[in-house]
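The primary structure of each chain is shown beneath.
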Amino acid sequence: MILIGERINAGFKDIARAIREHDPEPIREWARKQAAAGADYIDVNIGAASKDPADMAWLIRVVQEAVPTPISVDSNRPEVLRAGLEALDGRPALVNSTTADDDKLAEIIPLAVEYGAGLIGVAMDQRGSPQDVERRVENGAKIFLAATEAGLPPERIFLDPVLMPIRFMQDQAVKVLEAIREYTLLSDPPPHISVGLSNICSKTKERSLITRTFVVMAMAAGLDAAICNVLDEELMAAVATAEVILNKEIYSDDFLRVWALKRSKGGE
Ligand code: THG
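This report concerns the structure included in the present document. The shown structure was predicted, so the numbers you read here are calculated from the model rather than taken from an experiment.

The relation between two aromatic rings is expressed through the spacing of the ring centres and the mutual angle of the planes. Under the counting rule described, the total for this entry stands at one aromatic pair. A centroid spacing of 5.9 Å and a plane angle of 45° characterise the contact between Y251 and F255, whose relative ring orientation is tilted. Note on Y251: relative accessible area 52%, which makes it exposed. Positioned above the aromatic ring of W30, the side-chain terminus of R7 is 4.0 Å from the ring centre. The aromatic ring of W30 is capped on one face by K33, whose charged end is 4.0 Å from the ring centroid.

Shown next as C-alpha coordinates:
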(Lines give C-alpha, C1' and ligand atoms only; values in the text may rest on other atoms or scores of the structure.)
Protein backbone atom coordinates (compact mmCIF):
# COMPACT_ATOMS: atom_id res chain seq x y z
CA MET A 1 0.00 0.00 0.00
CA ILE A 2 1.05 3.53 -0.74
CA LEU A 3 0.22 5.46 2.45
CA ILE A 4 -0.28 9.22 2.25
CA GLY A 5 -0.37 10.95 5.67
CA GLU A 6 -3.47 13.18 5.93
CA ARG A 7 -2.68 15.29 8.98
CA ILE A 8 -1.14 18.46 7.50
CA ASN A 9 -4.54 19.78 6.44
CA ALA A 10 -6.14 23.08 7.45
CA GLY A 11 -9.31 21.11 8.29
CA PHE A 12 -7.52 20.52 11.59
CA LYS A 13 -7.58 23.55 13.90
CA ASP A 14 -3.92 23.35 14.97
CA ILE A 15 -2.79 23.32 11.33
CA ALA A 16 -5.16 26.16 10.33
CA ARG A 17 -3.70 28.30 13.13
CA ALA A 18 -0.11 27.39 12.24
CA ILE A 19 -0.71 28.44 8.63
CA ARG A 20 -2.38 31.73 9.57
CA GLU A 21 0.44 32.63 12.00
CA HIS A 22 3.27 31.06 9.95
CA ASP A 23 4.24 28.98 13.00
CA PRO A 24 6.41 26.13 11.65
CA GLU A 25 6.60 23.99 14.81
CA PRO A 26 3.28 22.06 14.67
CA ILE A 27 3.87 21.43 10.94
CA ARG A 28 7.35 20.02 11.57
CA GLU A 29 6.03 17.85 14.37
CA TRP A 30 3.23 16.30 12.29
CA ALA A 31 5.62 15.80 9.37
CA ARG A 32 8.08 13.93 11.63
CA LYS A 33 5.38 11.85 13.33
CA GLN A 34 3.85 10.76 10.03
CA ALA A 35 7.25 10.00 8.47
CA ALA A 36 8.20 7.92 11.53
CA ALA A 37 4.89 6.03 11.25
CA GLY A 38 5.90 5.00 7.72
CA ALA A 39 4.07 7.45 5.44
CA ASP A 40 5.16 7.12 1.79
CA TYR A 41 3.91 10.66 1.10
CA ILE A 42 2.88 13.59 3.30
CA ASP A 43 -0.30 15.28 2.07
CA VAL A 44 -0.15 19.08 2.38
CA ASN A 45 -3.40 21.07 2.17
CA ILE A 46 -3.99 24.76 3.09
CA GLY A 47 -7.75 24.26 2.75
CA ALA A 48 -9.91 27.17 3.82
CA ALA A 49 -7.19 28.68 6.03
CA SER A 50 -5.72 30.54 3.05
CA LYS A 51 -6.19 31.16 -0.66
CA ASP A 52 -2.68 32.54 -1.03
CA PRO A 53 -0.39 30.34 -3.16
CA ALA A 54 2.58 31.74 -1.16
CA ASP A 55 1.20 30.03 1.98
CA MET A 56 1.29 26.65 0.19
CA ALA A 57 4.90 27.32 -0.84
CA TRP A 58 5.77 28.18 2.79
CA LEU A 59 4.06 25.03 4.08
CA ILE A 60 5.87 22.79 1.58
CA ARG A 61 9.24 24.31 2.53
CA VAL A 62 8.59 23.73 6.25
CA VAL A 63 7.69 20.06 5.63
CA GLN A 64 10.75 19.54 3.40
CA GLU A 65 13.10 20.94 6.04
CA ALA A 66 11.66 18.51 8.60
CA VAL A 67 11.58 15.22 6.65
CA PRO A 68 12.88 13.64 3.39
CA THR A 69 9.46 12.08 2.64
CA PRO A 70 7.82 12.64 -0.76
CA ILE A 71 4.94 15.15 -0.77
CA SER A 72 1.34 15.17 -2.02
CA VAL A 73 0.46 18.77 -2.93
CA ASP A 74 -3.29 18.95 -2.15
CA SER A 75 -5.50 21.76 -3.49
CA ASN A 76 -8.38 22.26 -5.89
CA ARG A 77 -6.83 25.55 -7.07
CA PRO A 78 -4.35 25.21 -9.95
CA GLU A 79 -2.40 28.32 -8.87
CA VAL A 80 -1.98 26.88 -5.36
CA LEU A 81 -0.85 23.53 -6.80
CA ARG A 82 1.70 25.29 -9.02
CA ALA A 83 3.12 27.31 -6.11
CA GLY A 84 3.50 24.13 -4.06
CA LEU A 85 5.17 22.23 -6.90
CA GLU A 86 7.50 25.15 -7.56
CA ALA A 87 8.66 25.03 -3.90
CA LEU A 88 9.66 21.34 -4.14
CA ASP A 89 13.36 20.49 -3.75
CA GLY A 90 13.33 17.73 -6.38
CA ARG A 91 11.91 14.91 -4.25
CA PRO A 92 9.06 12.78 -5.69
CA ALA A 93 5.61 14.36 -5.48
CA LEU A 94 1.93 13.92 -6.25
CA VAL A 95 -0.42 16.54 -7.68
CA ASN A 96 -3.63 16.14 -5.60
CA SER A 97 -5.86 16.61 -7.54
CA THR A 98 -7.67 17.11 -10.81
CA THR A 99 -11.35 16.37 -11.43
CA ALA A 100 -12.79 15.10 -14.72
CA ASP A 101 -13.77 18.63 -15.84
CA ASP A 102 -12.22 19.60 -19.17
CA ASP A 103 -10.82 22.89 -17.86
CA LYS A 104 -9.28 21.19 -14.79
CA LEU A 105 -7.76 18.41 -16.92
CA ALA A 106 -6.31 20.98 -19.33
CA GLU A 107 -4.74 22.97 -16.51
CA ILE A 108 -3.65 20.35 -13.98
CA ILE A 109 -2.38 17.41 -16.08
CA PRO A 110 0.37 19.63 -17.61
CA LEU A 111 1.47 20.54 -14.05
CA ALA A 112 2.12 16.85 -13.26
CA VAL A 113 3.98 16.48 -16.57
CA GLU A 114 6.04 19.68 -16.09
CA TYR A 115 7.08 18.85 -12.52
CA GLY A 116 7.61 15.11 -13.07
CA ALA A 117 4.97 14.31 -10.45
CA GLY A 118 2.28 11.66 -10.12
CA LEU A 119 -1.33 12.76 -10.50
CA ILE A 120 -4.40 11.98 -8.39
CA GLY A 121 -7.64 12.27 -10.38
CA VAL A 122 -10.86 12.34 -8.36
CA ALA A 123 -13.96 11.09 -10.18
CA MET A 124 -15.91 14.33 -9.65
CA ASP A 125 -17.16 16.67 -12.38
CA GLN A 126 -19.07 19.94 -12.77
CA ARG A 127 -22.18 18.15 -11.48
CA GLY A 128 -20.36 17.51 -8.19
CA SER A 129 -19.67 14.18 -6.48
CA PRO A 130 -20.70 10.98 -8.29
CA GLN A 131 -23.64 9.11 -6.75
CA ASP A 132 -23.40 5.88 -8.73
CA VAL A 133 -20.82 3.41 -10.08
CA GLU A 134 -21.29 4.49 -13.70
CA ARG A 135 -20.36 8.15 -13.12
CA ARG A 136 -17.33 7.07 -11.11
CA VAL A 137 -16.17 4.80 -13.91
CA GLU A 138 -16.94 7.34 -16.65
CA ASN A 139 -15.03 10.13 -14.87
CA GLY A 140 -12.16 7.87 -13.84
CA ALA A 141 -11.73 6.57 -17.38
CA LYS A 142 -11.86 10.11 -18.76
CA ILE A 143 -9.09 11.27 -16.41
CA PHE A 144 -7.02 8.14 -17.12
CA LEU A 145 -7.28 8.64 -20.88
CA ALA A 146 -6.40 12.36 -20.75
CA ALA A 147 -3.41 11.71 -18.45
CA THR A 148 -2.20 8.85 -20.64
CA GLU A 149 -2.45 10.99 -23.77
CA ALA A 150 -0.37 13.65 -22.03
CA GLY A 151 2.37 11.06 -21.54
CA LEU A 152 1.83 9.91 -17.94
CA PRO A 153 2.36 6.14 -17.51
CA PRO A 154 -0.20 4.20 -15.38
CA GLU A 155 2.33 4.10 -12.51
CA ARG A 156 2.03 7.90 -12.22
CA ILE A 157 -1.79 7.99 -12.31
CA PHE A 158 -3.90 7.56 -9.16
CA LEU A 159 -7.68 7.33 -9.57
CA ASP A 160 -9.91 8.31 -6.62
CA PRO A 161 -13.53 7.05 -6.79
CA VAL A 162 -14.69 9.58 -4.10
CA LEU A 163 -15.32 7.98 -0.71
CA MET A 164 -18.14 9.55 1.31
CA PRO A 165 -19.25 9.58 4.97
CA ILE A 166 -21.05 6.35 5.89
CA ARG A 167 -23.15 8.27 8.40
CA PHE A 168 -24.80 10.44 5.75
CA MET A 169 -24.50 8.40 2.54
CA GLN A 170 -24.57 4.78 3.56
CA ASP A 171 -25.29 3.45 0.06
CA GLN A 172 -22.12 4.97 -1.42
CA ALA A 173 -19.37 2.78 0.12
CA VAL A 174 -20.42 -0.34 -1.79
CA LYS A 175 -20.47 1.72 -5.00
CA VAL A 176 -16.90 2.85 -4.30
CA LEU A 177 -15.87 -0.82 -3.91
CA GLU A 178 -17.45 -1.64 -7.28
CA ALA A 179 -15.75 1.35 -8.97
CA ILE A 180 -12.37 0.20 -7.56
CA ARG A 181 -12.87 -3.21 -9.24
CA GLU A 182 -13.69 -1.45 -12.54
CA TYR A 183 -10.58 0.78 -12.30
CA THR A 184 -8.34 -2.30 -12.08
CA LEU A 185 -9.55 -3.27 -15.58
CA LEU A 186 -8.54 0.02 -17.25
CA SER A 187 -5.03 -1.10 -18.24
CA ASP A 188 -2.35 -3.69 -17.55
CA PRO A 189 -0.62 -2.71 -15.34
CA PRO A 190 -3.58 -0.75 -13.91
CA PRO A 191 -3.31 2.80 -12.53
CA HIS A 192 -2.97 3.22 -8.78
CA ILE A 193 -6.29 3.51 -6.95
CA SER A 194 -6.54 5.80 -3.92
CA VAL A 195 -9.20 7.14 -1.54
CA GLY A 196 -9.42 9.76 1.20
CA LEU A 197 -9.94 7.01 3.76
CA SER A 198 -11.05 9.15 6.72
CA ASN A 199 -13.95 10.53 4.68
CA ILE A 200 -15.90 7.34 5.46
CA CYS A 201 -15.83 7.69 9.26
CA SER A 202 -16.60 11.41 9.47
CA LYS A 203 -18.81 12.22 12.51
CA THR A 204 -19.08 8.56 13.54
CA LYS A 205 -18.35 7.04 16.97
CA GLU A 206 -16.31 4.10 15.68
CA ARG A 207 -13.86 5.96 13.45
CA SER A 208 -10.99 3.50 13.54
CA LEU A 209 -13.14 0.36 13.26
CA ILE A 210 -15.13 1.66 10.28
CA THR A 211 -11.99 2.87 8.55
CA ARG A 212 -9.98 -0.33 8.94
CA THR A 213 -12.89 -2.58 8.01
CA PHE A 214 -13.46 -0.58 4.82
CA VAL A 215 -9.78 -0.47 3.87
CA VAL A 216 -9.49 -4.25 4.03
CA MET A 217 -12.52 -4.67 1.78
CA ALA A 218 -11.22 -2.01 -0.60
CA MET A 219 -7.76 -3.62 -0.77
CA ALA A 220 -9.41 -6.91 -1.73
CA ALA A 221 -11.16 -4.98 -4.54
CA GLY A 222 -7.88 -3.45 -5.78
CA LEU A 223 -7.17 -0.34 -3.68
CA ASP A 224 -3.39 0.20 -3.43
CA ALA A 225 -3.12 3.72 -1.99
CA ALA A 226 -4.85 5.85 0.65
CA ILE A 227 -4.72 9.29 2.20
CA CYS A 228 -5.19 8.30 5.83
CA ASN A 229 -4.31 8.56 9.50
CA VAL A 230 -0.97 6.74 9.49
CA LEU A 231 -0.77 7.17 13.28
CA ASP A 232 -3.75 4.82 13.78
CA GLU A 233 -1.89 1.65 14.80
CA GLU A 234 -4.90 -0.63 14.41
CA LEU A 235 -5.47 0.71 10.91
CA MET A 236 -1.81 0.10 10.04
CA ALA A 237 -2.01 -3.45 11.46
CA ALA A 238 -5.11 -4.15 9.35
CA VAL A 239 -3.34 -2.88 6.21
CA ALA A 240 -0.27 -5.01 6.97
CA THR A 241 -2.43 -8.10 7.55
CA ALA A 242 -4.44 -7.55 4.37
CA GLU A 243 -1.18 -7.34 2.40
CA VAL A 244 -0.15 -10.74 3.78
CA ILE A 245 -3.56 -12.29 3.08
CA LEU A 246 -3.54 -10.87 -0.48
CA ASN A 247 -0.06 -12.47 -0.87
CA LYS A 248 1.66 -9.10 -1.43
CA GLU A 249 3.89 -9.54 1.62
CA ILE A 250 5.49 -12.75 2.88
CA TYR A 251 3.97 -14.31 6.00
CA SER A 252 6.14 -14.83 9.02
CA ASP A 253 5.15 -15.11 12.68
CA ASP A 254 6.66 -11.63 13.03
CA PHE A 255 4.93 -10.11 10.00
CA LEU A 256 3.68 -7.03 11.87
CA ARG A 257 7.16 -6.26 13.15
CA VAL A 258 8.72 -6.89 9.72
CA TRP A 259 6.17 -4.57 8.09
CA ALA A 260 6.83 -1.77 10.60
CA LEU A 261 10.60 -2.23 10.24
CA LYS A 262 10.45 -2.01 6.43
CA ARG A 263 8.33 1.15 6.68
CA SER A 264 10.63 2.84 9.20
CA LYS A 265 13.53 2.18 6.83
CA GLY A 266 11.62 3.78 3.98
CA GLY A 267 10.91 0.48 2.16
CA GLU A 268 7.77 -0.28 0.09
N1 THG B 1 -9.38 12.57 -2.07
C2 THG B 1 -8.24 13.22 -2.38
N3 THG B 1 -7.68 14.14 -1.56
C4 THG B 1 -8.29 14.46 -0.40
C5 THG B 1 -9.47 13.82 -0.02
C6 THG B 1 -10.02 12.85 -0.89
N7 THG B 1 -7.71 15.38 0.43
C8 THG B 1 -8.40 15.84 1.62
C9 THG B 1 -9.26 14.74 2.22
N10 THG B 1 -10.07 14.14 1.19
C11 THG B 1 -8.40 13.67 2.85
N12 THG B 1 -7.88 14.16 4.09
C13 THG B 1 -8.65 14.15 5.26
C14 THG B 1 -8.08 14.69 6.38
C15 THG B 1 -8.77 14.65 7.59
C16 THG B 1 -10.02 14.09 7.65
C17 THG B 1 -10.59 13.55 6.53
C18 THG B 1 -9.91 13.57 5.32
C19 THG B 1 -10.75 14.05 8.96
N20 THG B 1 -11.44 15.14 9.34
C21 THG B 1 -12.19 15.18 10.60
C22 THG B 1 -13.62 14.71 10.37
O23 THG B 1 -14.09 14.79 9.23
O24 THG B 1 -14.27 14.28 11.31
C25 THG B 1 -12.26 16.59 11.15
C26 THG B 1 -10.93 17.14 11.51
C27 THG B 1 -10.82 17.36 12.98
O28 THG B 1 -10.84 16.38 13.73
O29 THG B 1 -10.69 18.54 13.37
O30 THG B 1 -10.70 13.07 9.65
O31 THG B 1 -11.09 12.24 -0.63
N32 THG B 1 -7.63 12.90 -3.54
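Having seen the structure, we can now continue with the description.
The subject of this paragraph is the site of the ligand. The environment of the ligand is made up of 15 residues, and the closest members are D74, N96, D160, N199 and R207. In the model, a nitrogen atom of the ligand is placed 2.8 Å from a nitrogen or oxygen of the N96 side chain. With the chains in place, 73% of the 670 Å² that the ligand exposes on its own is no longer accessible. For the shell around the ligand, the secondary structure elements donating two or more residues are β1 (2–9) and β5 (118–122). Residue composition of the shell around the ligand, by class: four nonpolar, seven polar and four charged.

Once that is clear, we can look at the packing of helix α1 (residues 13–20) against helix α2 (residues 24–36). At a minimum axis separation of 8 Å, α1 and α2 run at an interaxial angle of 135°. Our classification of the angle between α1 and α2 gives oblique. Along its contact with α1, which presents D14, I15, R17 and A18, the element α2 presents P26, I27 and W30. Taken together, the residues of the contact of α1 with α2 break down into five nonpolar, no polar and two charged.

The subject of this paragraph is the packing of helix α3 (residues 53–66) against helix α4 (residues 78–86). Between α3 and α4, the least distance of the axes is 8 Å, while the angle of their chain directions is 35°. Here α3 runs over α4; the crossing is right-handed. Contacts from P53, M56, A57 and I60 in α3 reach E79, V80, A83 and G84 in α4.

Assignment of secondary structure puts G5 in strand β1. Relative accessible area serves as the criterion here: at 0%, G5 is assigned to the buried category. Distance in space between the C-alpha atoms of G5 and A37 is 9.1 Å, their sequence separation being 32 residues. Ignoring any residue separated from it by four or fewer positions in sequence, one finds G5 in contact with Q34, A39, Y41, I42, D43, C228 and V230.

Conventions and cut-offs
- Per chain, residue numbering runs from 1 following the sequence as it is written.
- Under the rules for a predicted model, residues below a pLDDT of 70 receive no local features and side-chain atom pairs below 80 are neither given nor counted, while totals for whole chains, interfaces and linings still include all residues.
- Side-chain measures here rest on the full set of heavy atoms in the structure, leaving out hydrogens and waters.
- For Phe, Tyr and Trp, where Trp contributes only its six-membered ring, two rings pair if their centres lie within 6.5 Å, and the inter-plane angle classes them as stacked under 30 degrees, edge-to-face over 60, or tilted in between.
- For every residue, the accessible area obtained with a 1.4 Å probe (protein chains only) is divided by the maximum for its type, and the residue is called buried under 20%, exposed over 50%, and partly exposed between those limits.
- Here, a charge over a ring is recorded when the distance from Lys NZ or Arg CZ to the ring centre is within 6 Å and its angle to the ring normal is within 35 degrees.
- In this text, near means that some heavy atom of the residue lies within 4 Å of the molecule or strand in question.
- Side-chain atoms alone can form a polar contact between residues adjacent in sequence; in general such a contact is a pair of N or O atoms within 3.5 Å, and within protein one must be able to donate a hydrogen while the other accepts it.
- Exposure was quantified through the Shrake-Rupley algorithm and a 1.4 Å probe, taking into account, for residues, occlusion by the shown protein chains and nothing else.
- Only DSSP runs of H or I reaching four residues or more are called helices, and only runs of E reaching two or more are called strands; each is numbered from the N terminus.
- Ten residue types, Ala, Val, Leu, Ile, Met, Phe, Trp, Tyr, Cys and Pro, are classed as nonpolar, four, Asp, Glu, Lys and Arg, as charged, and the remainder, Gly among them, as polar.
- Only C-alpha atoms enter the line fits that serve as axes; for helices the fit covers just the stretch in contact. Angles between N-to-C directions range over 0 to 180 degrees.
- Our angle categories are set so that under 35 degrees counts as roughly parallel, over 145 as roughly antiparallel, 65 to 115 as roughly perpendicular, and the remainder as oblique.
- In this description, contact between two residues means that some pair of their heavy atoms is separated by no more than 4.5 Å.
- If you view the pair so one helix is near and one far, a crossing is left-handed when the near helix is turned anticlockwise from the far one by less than a right angle, and right-handed when it is turned clockwise.

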